[in-house]
Amino acid sequence: LASDVAAMMHYAQGDVESAARHGRNAVLSDRSAVCSRQFVVARIHLAGILAMSGDLSPACELAREAVSMLLPHDETVHMIDILGLAADIFLRAGDLKSADEILERAHGLAGRVIGMPRGAGRVRLRLGSIAIERGEYQLACELLQGADRQVAPSTRKREHGRILAELALSMRWMGSTD
């Protein structure tokens, strides 16, 4: 746990090399608890760090491993978060098919939860991004408008800004300026 926290702190400070080193230590130190929640989180965090530094092949491999370690009895919001992060990594790598498959799984999980879990807006945002990449602008607008309704701008400003930017992009590509 300490190595994973250190990895994320170094990453937040822009020290990607130290973040990756601590992330690798976190993954290696928790080998005894192969399917523990923390092991899955450490794996997806390291995958994200590697993806952001451009090391996409090992990032995708780690993301696949993290997703494969999710268990049916895991907390739904935890699973949605892991799936969403994995999808981001596949999007960054240009693997739309894998990102789409993972997000569909996350979307299905979000539908099983009463109310709106915090990750549901992020899932719709990522599905909208994939739809834009495919040229499915109407679908993207629908998904992004749903994400906009689920993400409170006052609490998630950066995410809400990304939703609005993606929505504007999809509307622009459809020829709408509303």
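Everything numeric in this text was worked out from a predicted model, so none of it was measured.

Calculation rules
Residues numbered from 1 in each chain as written. Predicted model: local features only at pLDDT ≥ 70, side-chain atom pairs only at ≥ 80, totals over all residues. Heavy atoms only, no water. Helix = DSSP H or I, 4+ residues; strand = E, 2+ residues; numbered from the N terminus. Buried < 20%, exposed > 50% of the residue type's maximum accessible area, 1.4 Å probe, protein only. Contact = heavy atoms within 4.5 Å. Areas by Shrake-Rupley, 256 points an atom, 1.4 Å probe, with all protein chains shown as cover. Salt bridge = Lys/Arg side-chain N within 4 Å of Asp/Glu carboxyl O. Axes fitted to C-alpha atoms, helices over the stretch in contact; angles between N-to-C directions. Parallel < 35°, antiparallel > 145°, perpendicular 65-115°, else oblique. Left-handed = near helix turned anticlockwise from the far one by under 90°. Expected span 1.5 Å × (residues − 1). Polar contact = N/O pair within 3.5 Å; in protein donor to acceptor, adjacent residues only side chain to side chain. Phe/Tyr/Trp six-rings, centres within 6.5 Å; stacked < 30°, edge-to-face > 60°. Nonpolar A, V, L, I, M, F, W, Y, C, P; charged D, E, K, R; others polar.

**A few points about the overall build of the chain**
Item 1. On a plain count of helices and strands, the chain comes out with nine helices and zero strands.
Item 2. Secondary structure elements of the chain, listed N to C terminal, follow the sequence α-α-α-α-α-α-α-α-α.
Item 3. Every one of the 178 residues in the chain was classed for burial, and the buried ones make up 46%.
Item 4. Look at the contacts in the chain between residues 6 or more apart in sequence, and 54% of them connect residues 24 or more apart.
Item 5. A total of about 9300 Å² of accessible surface is found on the chain, and carbon and sulfur atoms cover 54% of it.

**As for the pattern of salt bridges**
Item 1. By the definition in use, this model includes four salt bridges.
Item 2. Across the pair Arg64 and Asp95 runs a salt bridge whose closest N-O atoms are separated by 3.7 Å. Residue Arg64 is located in helix 4 (residues 56-68), and its partner Asp95 is located in the loop between helix 5 (76-93) and helix 6 (96-112); the two are separated by 31 residues in the primary sequence.
Item 3. Lys97 is paired through a salt bridge with Glu101; the nearest N and O atoms lie 2.8 Å apart.

**Observations concerning the packing of helix 4 against helix 5**
Item 1. Where helix 4 contacts helix 5, the two axes come as close as 9 Å, and the packing angle between them is 155°. Put simply, helix 4 runs roughly antiparallel to helix 5. When you trace helix 4 past helix 5, the crossing you get is left-handed. Of the residues in helix 5, those touching helix 4 at Leu56, Ala59, Cys60, Ala63, Arg64, Ala66 and Val67 are Ile82, Leu83, Ala86, Ile89, Phe90, Arg92 and Ala93.

**Side note on helix 3 (residues 37-52)**
Item 1. When the terminal C-alpha atoms of helix 3 are compared, their 23 Å separation across 16 residues agrees well with the 22 Å that a helix rising 1.5 Å per residue should span.
Item 2. Along helix 3, the residues classified as buried are Phe39, Val40, Val41, Ala42, Arg43, Ile44, Leu46, Ala47, Ile49, Leu50 and Ala51.
Item 3. Those residues of helix 3 hidden inside the fold are in contact with helix 1 (2-12), helix 2 (16-29), helix 4 and helix 5.
Item 4. One or two residues past the end of helix 3 sits Gly54, with phi positive at roughly 90°.

**Description of the side chain of Arg126**
Item 1. Tracing the chain through its elements places Arg126 in helix 7 (residues 120-134).
Item 2. In this structure the side chain of Arg126 is engaged in a polar contact, spanning 2.6 Å, whose partner is the side chain of Asp88.
Item 3. The contact partners of Arg126, leaving out residues within four places of it in the chain, are Gly84, Leu85, Ala87, Asp88, Leu91 and Leu103.

**Some remarks on the packing of aromatic side chains**
Item 1. For the structure on display, the rule yields one aromatic pair.
Item 2. Taken together, a centroid distance of 5.9 Å and an interplanar angle of 10° make the contact between Tyr137 and Trp173 stacked. Of this pair, Tyr137 sits in helix 8 (residues 137-150) while Trp173 sits in helix 9 (residues 157-174), placing them 36 residues apart in sequence.

**Description of the packing of helix 1 against helix 2**
Item 1. Relative to each other, helix 1 and helix 2 sit at 165°, their axes nearing to 7 Å. In this view, helix 1 runs roughly antiparallel relative to helix 2, as classed from their interaxial angle. The interaxial crossing formed by helix 1 with helix 2 has left-handed handedness. Of the residues in helix 2, those touching helix 1 at Ser3, Asp4, Ala6, Ala7, His10 and Tyr11 are Val16, Ser18, Ala19, His22, Gly23, Asn25 and Ala26.
Item 2. Taken together, the residues of the contact of helix 1 with helix 2 break down into six nonpolar, six polar and one charged.

**A few points about the environment of Arg162**
Item 1. Note that Arg162 resides in helix 9.
Item 2. Between the alpha carbons of Arg162 and Asp148 there is a distance of 9.8 Å; along the sequence they are 14 residues apart.
Item 3. Dropping the residues within four chain positions of it, Arg162 is found in contact with Asp88, Leu125 and Ser129.

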